[in-house]
Amino acid sequence: GTLGCSSTAEWQMAVAALDHPSHAAMVPQGFGAGVGRVGEYFEQGNWYRGGAEQLLFFSWLYSVEHDKFKPRIPAGATQEDLIRISRFYDLAPENPKVNMAVALKHLPIQDILKNIHGKKEVFDKMVRRKPNDADWFKGGLYHDDKEISVPSFWFASWYDVSISPNLALFNHVRNNHSDPEIRDNQYLVIAPTLHCSYTRATENTIVGERSVGDARLNYDEQITAWFDLWLKGEKNDFKEKTPRVQYYLMGSNEWKSSETWPPQAAKMTTFYLDSNGKANTLNGDGKLTLKKARNNKADSFTYDPLKPVDSYGGNVCCTGNAIKGGSFHQHEMEMRDDILVYTTDALKEGVEVSGFINATLYVSSDAKDTDFTIKLIDVYPDGSAYNLDETIQRVRYREGYDKEVFMKKGTIYEVKLTPMSTSNFFKKGHKIRIEVSSSNFPRFARNLNTGGNNYDEKEGLIAHNKIHHSSKYQSRIELPMIK
């Protein structure tokens, strides 16, 4: 049996794809960086989201890549030898602490590790790879052309960097494996926590600034029963007692269960972006409505890569002090003129949103390439606005990750963003909001808007970007709603 979170989970899928007879069961937790490609997600181990680099790996590689010039202990060293030399040498050396909030601002991004005196060999190769580069498929990462032939008990988190590909992988194995017994032995838990923080849930679990209530669960009991079933062959009641999917519904703050993900009762409901052309900031006129936009006005904003929108909370990990993950009141962010804000009217009845969230934007720009971002928000009656998930799309990859197609000035393009995921109960009187912009830094690398490599550039161009909403260009977001 294999068990682990993050780096000790991320090899498990590729191992399971080998179908070794001794591998009886696995429990991968927070396993996104082991997923290369699954369905429409081309994250290549969390290196990318929507074709934009996720800077968490720049920070993570600095912290874990040990220098090849460190002292080496000869083979055959005894425990007595190790104890003796530990008085003189650090047997587990760490790189010097770095202020990642400053380090990740360095341009070009290919020199970020060089600039902080980190080890570069693996990083230098990875930073130059495009999302569909052949080297991503040469080993280590799991891709969906392989079969996972192992009973699996998956653990994911609503505020983990990899929540959407995590859930897509569970569905892929559950729905597509050639062996019905393997399909039937896939189980999933989704907690309202940060990366690998399952057991940190308390009577009053706070993720960032938002309380999500008593999110405790008997994790150890369930995992032990799972392994007793598959490793010891005990005829226990795990399968009778354990729901296929256990997910935490934030907002109503309760554990719920389902036979599928998303729950079968979830129905995709389309909300359209609309305004009179001034959706900039919280004080603008942006609306999120069930009715299609009635005018042909577009919302415009300026994206300066040297003045990007800051990452404020979010579904993140591993960035040192650069980002604090979780849910935070977004009021200060929403006063920026380069953020478009679209909000529903106050809800007349509460509604559950659980599942994958699709967003389609109709965009234009005077740049050859730029990014577009979306953030999903729960707005409380007092105006508090808490982030649920966020995503990004690099426009050059709007037609697929196997090619780059650049924009022409003023031409309107359809851009489907990489789907988000959440489970949140929007109570009566709350509002549903999305923010649209072109940066979310330093979670994602800044697009310098030149149409060049981006990784080897340090000079950017200012982009003047537009979001179009009309009867012809129906910019929208689709929410999986359970009434």
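What you see is a predicted model, and the numbers here were worked out from it, not measured in a lab. (Residues numbered from 1 in each chain as written. Predicted model: local features only at pLDDT ≥ 70, side-chain atom pairs only at ≥ 80, totals over all residues. Heavy atoms only, no water.)

**Some details on the overall build of the protein chain**
The number of helices and strands found in the protein chain is 10 helices and 24 strands. At 23 Å, the protein chain has a C-alpha radius of gyration in line with the 23 Å of a compact globule built from 483 residues. With 483 residues in all, the protein chain has 56% of them scored as buried. Residue pairs in contact within the protein chain that sit at least 24 positions apart in sequence constitute 74% of those at least 6 positions apart. For the protein chain, the distance from the average site of its 60 positive side-chain charges to the average site of its 62 negative ones is 4 Å. (Helix = DSSP H or I, 4+ residues; strand = E, 2+ residues; numbered from the N terminus. Rg over C-alpha atoms; globule rule 2.2 N^0.38 Å. Buried < 20%, exposed > 50% of the residue type's maximum accessible area, 1.4 Å probe, protein only. Contact = heavy atoms within 4.5 Å. Lys, Arg positive; Asp, Glu negative; His and termini not counted. Charge placed at Lys NZ, Arg CZ, Asp CG, Glu CD.)

**Focus: the sheet that holds strand S7 (residues 142–143)**
Strands sit in the order S4-S3-S7 across an open sheet of 3 strands; the sheet is mixed. Looking at strand neighbours, the two that pair on one side only are strand S4 (41–42) and S7, the edges of this open sheet. Bridging between strand S3 (residues 35–38) and S4 involves 2 bridges; their strand directions are antiparallel. Bridging across to S4, Val38 finds its partner in Tyr41. Against the sheet, helix H7 (residues 163–176) touches S3, S4 and S7, its axis set at about 65 degrees to S3. (Pairing = 2+ DSSP bridges. Axes fitted to C-alpha atoms, helices over the stretch in contact; angles between N-to-C directions.)

**Details of the pairing of strand S23 (residues 463–468)**
Both strand S16 (residues 298–303) and S23 contribute to a ladder of 6 bridges, which runs antiparallel. Residue pairing across strands places Ser300 opposite Lys466, the latter belonging to S23. Judged from the 4 bridges that link them, strand S18 (residues 351–365) and S23 form a sheet pairing that is antiparallel. Its bridge partner being in S23, Tyr362 is matched across the sheet by His468.

**Let's talk about the sheet that holds strand S9 (residues 186–194)**
Sheet strands line up and pair through hydrogen bonds in the backbone, either parallel or antiparallel. Judged by pairing direction, the sheet is mixed, and its 6 strands sit side by side in the order S1-S2-S8-S9-S12-S13 without closing on themselves. Where the open sheet ends on each side, the last strands, each with one partner, are strand S1 (2–5) and strand S13 (254–258). Averaged over all pairs of adjacent strands, the angle between strand axes in this sheet comes to 20 degrees, irrespective of strand direction. Pairing of strand S8 (residues 152–159) with S9, which is carried by 7 bridges, proceeds in the parallel orientation.

**Quick word on unusual backbone geometry**
Of the consecutive residues Leu107 and Pro108, the connecting peptide bond is found in the cis state with omega at 0 degrees. Tracing the chain through its elements places Pro108 in the loop between helix H4 (100–103) and helix H5 (112–115). A cis amide bond links Phe441 with the next residue in sequence, Pro442, at an omega value of 15 degrees. With respect to the helices and strands, Pro442 occurs in the loop between strand S22 (431–437) and S23. At Asn449, a residue that is not glycine, the phi angle is positive and equals roughly 70 degrees. Here Asn449 lies in the loop between S22 and S23. Assessed through its relative accessible area of 1%, Asn449 is described here as buried.

**Here's the deal with the pattern of salt bridges**
Within this structure, the stated rule accounts for 22 salt bridges. A single network of salt bridges, built from pairs that share partners, joins Arg174, Asp184, Lys239, Arg244 and Glu259. (Salt bridge = Lys/Arg side-chain N within 4 Å of Asp/Glu carboxyl O.)

**Focus on the environment of Glu349**
By the element assignment, Glu349 lies in the loop between strand S17 (340–343) and S18. For the pair formed by Glu349 and Phe426, sequence separation is 77 residues and the distance between their alpha carbons is 8.6 Å. Residues contacting Glu349, with those up to four places away along its chain left out, are Phe426 and Lys428.

**With respect to the side chain of Gln393**
Following the sequence through the fold, Gln393 ends up in strand S20 (residues 385–394). Overall, the relative accessible area of 3% leaves Gln393 in the buried class. Here Gly50 takes part through its backbone oxygen, which lies 3.2 Å from a polar atom of the side chain of Gln393. At 3.1 Å, the side chain of Gln393 forms a polar contact with the side chain of Tyr401. Filtering out sequence-adjacent residues up to four positions away, Gln393 remains in contact with Gly50, Thr370, Asp371, Phe372, Tyr401, Val415, Lys416, Leu417 and Thr418. (Polar contact = N/O pair within 3.5 Å; in protein donor to acceptor, adjacent residues only side chain to side chain.)

**Focus: a nonpolar patch on the surface**
Taken together, the side chains of Ile73, Phe88, Tyr89 and Leu91 define a hydrophobic patch exposed on the protein surface, amounting to about 430 Å² of accessible area. As for its placement among the helices and strands, Leu91 is situated in the loop between helix H3 (79–85) and H4. (Patch = residues over 30% accessible without salt bridge, like charges linked within 9 Å, V, L, I, M, F, W, Y side chains within 5 Å. Areas by Shrake-Rupley, 256 points an atom, 1.4 Å probe, with all protein chains shown as cover.)

**Here we look at the state of the cysteines**
For the coordinates displayed, the defined rule picks out 2 disulfides. Across the disulfide, Cys5 is cross-linked to Cys196 (sulfur-sulfur distance 1.9 Å). On the sign convention where negative is left-handed, the bridge of Cys5 and Cys196, at about -100 degrees about the S-S bond, is left-handed. Note that Cys5 is positioned in strand S1 and Cys196 in the loop between S9 and strand S10 (206–207), a separation of 191 residues in sequence. (Disulfide = S-S within 2.5 Å.)

**Description of the packing of aromatic side chains**
Scanning the model with the defined rule gives 27 aromatic pairs in all. Ring geometry for Tyr48 and Trp136: centres 6.4 Å apart, planes at 80 degrees, overall edge-to-face. With a gap of 88 residues between them, Tyr48 in strand S5 (residues 48–49) and Trp136 in the loop between helix H6 (121–126) and S7 connect regions that are remote in the sequence. No difference in accessibility class separates Tyr48 from Trp136, as the two residues are buried. Ring plane angle 75 degrees and centroid distance 5.2 Å describe the contact between Tyr380 and Tyr386, whose orientation is recorded as edge-to-face. For Tyr386, a relative accessible area of 13% translates into the label buried. (Phe/Tyr/Trp six-rings, centres within 6.5 Å; stacked < 30°, edge-to-face > 60°.)

**Structural notes on a negative patch on the surface**
Side chains of Asp19, Glu147, Asp179 and Glu181 sit close together on the surface and give a patch of like negative charge. Relative to the elements of secondary structure, Glu181 occurs in helix H8 (residues 180–184).

**Overview of the side chain of Glu390**
Note that Glu390 resides in strand S20. By relative accessible area, which is 1% here, Glu390 ends up buried. At 3.4 Å, the side chain of Glu390 and the side chain of Asn440 are in polar contact. At 2.9 Å, the side chain of Glu390 forms a polar contact with the side chain of Arg443. Once you skip the residues sitting within four places of it in the chain, Glu390 turns out to touch Arg49, Gly313, Gly314, Asn315, Val316, Ile374, Lys375, Met420, Asn440 and Arg443.

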